[in-house]
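# Examination of the molecular architecture
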Amino acid sequence: MMDELELLKKDWQRKADDLPRLTYNEIYRMIWKRSSSIVKWIFYISTIELGFWIVMTILPFFWESYQDRFEQTYGNGDSIFITITTIFSFGVIMIFIFYLFKAYRAISVVDSVKMLMENILRTRKIVHYYVIFNLVMAGMITIYSLYTLFSYDTRTISLLESIRDDGSELRFWCMAGLMVLVGIIFVIGLIWIFYRLVYGILLKRLYKNYRELQKLEM
């Protein structure tokens, strides 16, 4: 039995010697190429996302019914909030894309392990800040949309007046507050899941490259 075990060990060692051994530079270049590819894909996805939101913002205005509804709801000047929020959001997305492009260019030309590690961490921070920004904006827009619903929507106002006449206004507002809370959690949760799936997977792979670079430096 021992003789068979020793034979197996010797056979494995002989095969291991025949396998190609990667040098430090070869491993570094593999990690560098993977990191550059990941950042490039994040850049592409964010660009597609910007185009998607531009189309989704502009397209409804080609429908007459949507224009009439928009003017009825925001015709009193509150449309300024929607306009400013939209322009601000697009501006932040464009800044995010710009910094992502810079990160991609930086990773593509860097030839130092330390600099590559720093660029990977910087890219992860940029994406994390972008996701947090979108979650905050989603919460603000949801709250404002619900506010306009209760303040300017004719059907909602009529419903409120009938509830006041019935004397059940307190119960209505408790239910409305609960619905608002659930709505905010649902919207933010949905967006968080989307970014977790889209950017989270890529960031996880990017951080894995960072960990491999740490081991390479040891």
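Residues numbered from 1 in each chain as written. Predicted model: local features only at pLDDT ≥ 70, side-chain atom pairs only at ≥ 80, totals over all residues. Heavy atoms only, no water.

### Concerning the confidence of the model for the protein
Defined as follows: pLDDT expresses how confident the predictor is about each individual residue, on a scale running from 0 to 100. The contact rule is simple, with two residues in contact once any of their heavy atoms fall within 4.5 Å.
With 75% of its residues at a pLDDT of 70 or more, the protein shows a mean pLDDT of 76. Within the model, the stretch residues 1–5 combines pLDDT values under 50 with zero contacts to residues more than four positions away or in other chains. Note that residues 15–19 has pLDDT below 50 and, in this model, one contact with residues that lie over four places away or in other chains.

### Focus on the nonpolar core
The following threshold applies: Residues enter a nonpolar core if they are buried and are Ala, Val, Leu, Ile, Met, Phe, Trp, Tyr or Cys, with the set joined through side-chain atoms within 4.5 Å. When a residue's accessible area, from a 1.4 Å probe over protein chains only, is under 20% of the maximum for its type it is buried; when over 50% it is exposed; and in between it is partly exposed. Counting from the N terminus, the helices are the DSSP runs of H or I reaching at least four residues and the strands are the DSSP runs of E reaching at least two.
Ranked by size, the top nonpolar core spans 33 residues in total, and within it Tyr28, Ile42, Phe96, Leu116, Val127, Tyr199 and Leu213 carry the most contacts. Where this core is concerned, the elements lending two or more residues are α2 (24–58), α4 (79–109), α5 (113–152) and α7 (169–217). A per-element tally of this core places α5 first, with nine residues. Contact partners of phenylalanine 96, with chain neighbours within four places excluded, come to Ser46, Ile126, Val127, Tyr130 and Tyr199.

### What about the packing of aromatic side chains?
In plain terms, the rule: Under the pairing criterion, centres of Phe, Tyr and Trp rings, with the six-membered ring standing for Trp, must be within 6.5 Å; the plane angle then separates stacked pairs below 30 degrees from edge-to-face pairs above 60, leaving the rest tilted.
Enumeration over the complete set of coordinates arrives at 12 aromatic pairs. Ring centres of tyrosine 130 and tyrosine 199 lie 6.2 Å apart, and the angle between their planes is 80°; this geometry places the pair in the edge-to-face category. With tyrosine 130 in helix α5 and tyrosine 199 in helix α7, this residue pair connects regions lying 69 residues apart in the sequence. Look at tyrosine 207 and tyrosine 210: their rings are 5.7 Å apart centre to centre, the planes differ by 20°, and that puts the pair in the stacked class. Here tyrosine 207 and its partner tyrosine 210 are both found in helix α7, three residues apart, which amounts to about one turn of the helix. Its relative accessible area of 12% is what places tyrosine 210 among the buried residues.

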